[in-house]
Amino acid sequence: MVERVKTPLLACLACAVALCVLVVLAYGFGPFERADAAMIVQLSVAPESHSLRLADGVAQLADPLPLMAMLAAVCALALGLGRRHEALAAVAVVAGANLTTQVLKVVLSHPRYQPYAGYREPWENAFPSGHATAAASIAVALMLAAPRGLRPLAVAAGLVFAGAVGIAVVALEWHYPSDVLGGFLVAAGWGFAALAGLRLTRPGDPSPSAQASSRFAISTK
């Protein structure tokens, strides 16, 4: 049990360390800052274009109201499958990750003007991205709620959704790529913490060998 809990806790710590390193790079390391600005210029879309409308529609999927609707659907899925602990974990991840990001936005609010970005410079409280955090947190919640048989599909859907939102907010010039990565790290950290909590509060699924032994014992009775 200790090993099963230690692994996700170490992963959570790794996310926190990576986030701290990212802050240092994004706020104080020239080459990284210039690369960040170059990416936003390369990915930005033309005003009034079809691409801009598409990016805006994708980004709005991570607004509070759609986020709550998706969280309700994830919880309904988990509860319908008898996975009450996973439903609670999903709520904890979404609430915790998004609250953490809002706090970090206030703490880390600071202009990051890069001449290369020009008028495309995002707001001073753009790090971490709230939209990226929201999208990644609901993706993690879905992964936690899904049963083992559906988990690969849940992982794929979550990665596509979070990735699409992350690209959209950069294309809209709302965020630097580092803001998006920061949001992903916040959500991932909470996801690993929730996984540790699930492993601590309920026993893990029996291993395949243990299941086979159990079936053999029953068949020989």
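The structure this text deals with has already been given above.
Attention here is on the structure that accompanies the text. Note that residues are indexed from 1 along each chain, following the sequence as it is written. pLDDT decides what is reported in this predicted model: residues at 70 or higher carry local features, side-chain atom pairs at 80 or more are listed and counted, and totals for whole chains, interfaces and linings draw on all residues regardless. Only heavy atoms go into the side-chain values, all of them from the structure, while hydrogens and water stay out.

## Side note on the overall build of the chain
No. 1: Counting secondary structure elements, the chain contains nine helices and zero strands.
No. 2: Elements are defined by DSSP. Helices are runs of H or I of four residues or more, strands are runs of E of two residues or more, and each kind is numbered from the N terminus. Shown N-terminal to C-terminal, the secondary structure of the chain runs as helices and strands in the order α-α-α-α-α-α-α-α-α.
No. 3: Accessibility here uses a 1.4 Å probe with only protein chains present; expressed as a share of the type maximum, an area under 20% marks a residue as buried, one over 50% as exposed, and anything in between as partly exposed. The proportion of buried residues among the 221 residues of the chain is 40%.
No. 4: Counting contacts in the chain only where the partners sit at least 6 residues apart, residues at least 24 apart contribute 80% of the total.
No. 5: Note on areas: these come from Shrake-Rupley sampling with a 1.4 Å probe, and a residue is covered only by the protein chains present in the view. About 11800 Å² of surface is accessible on the chain, with carbon and sulfur atoms providing 72% of the total. Note on contacts: a residue pair is in contact if any heavy atoms of the two residues lie within 4.5 Å.

## With respect to helix H7 (residues 151–171)
No. 1: One less than the number of residues in a helix, times 1.5 Å, gives the span that helix is expected to have. Here H7 spans 30 Å end to end across 21 residues, near enough to the 30 Å set by a 1.5 Å rise per residue.
No. 2: Every buried residue of H7 is accounted for by Ala154, Gly158, Phe161, Ala162, Val165, Gly166, Ala168, Val169, Val170 and Ala171.
No. 3: Next to the buried residues of H7 lie helix H2 (30–43), helix H3 (50–60), helix H4 (64–80), helix H6 (130–145) and helix H8 (177–201).
No. 4: Two residues or fewer past H7, glutamate 173 is found with a positive phi of approximately 65°.

## Here we look at the packing of H6 against H7
No. 1: One way to put it is that H6 packs onto H7 with a least axis distance of 8 Å and a crossing angle of 180°. Compared by their axis directions, H6 and H7 come out roughly antiparallel. In this structure, H6 uses His131, Ala132, Ala135, Ala136, Ile138, Ala139, Leu142 and Met143 to contact H7, whose residues at the interface are Arg151, Ala154, Val155, Ala157, Gly158, Phe161, Ala162, Val165 and Val169.
No. 2: Basically, the charged four are Asp, Glu, Lys and Arg, the nonpolar ten are Ala, Val, Leu, Ile, Met, Phe, Trp, Tyr, Cys and Pro, and anything else, Gly included, counts as polar. When the residues that make up the contact of H6 with H7 are grouped by side-chain class, the tally is 14 nonpolar, two polar and one charged. Fitted lines through C-alpha atoms give the axes, limited to the stretch in contact for helices. The angle between two N-to-C directions lies from 0 to 180 degrees. With respect to orientation, any angle under 35 degrees is reported as roughly parallel, any angle over 145 as roughly antiparallel, any angle of 65 to 115 as roughly perpendicular, and every other angle as oblique.

## Concerning unusual backbone geometry
No. 1: Looking along the chain, the bond that leaves phenylalanine 127 and enters proline 128 is cis, with omega of -10°.
No. 2: Backbone geometry at glutamate 48 places phi at a positive 60°, although glycine is not the residue there.
No. 3: Within the secondary structure, glutamate 48 is located in the loop between H2 and H3.
No. 4: Among the residues examined, glutamate 48 registers a relative accessible area of 71% and is labelled exposed.
No. 5: Not every positive phi belongs to a glycine, and glutamate 173 is a case in point at roughly 65°.

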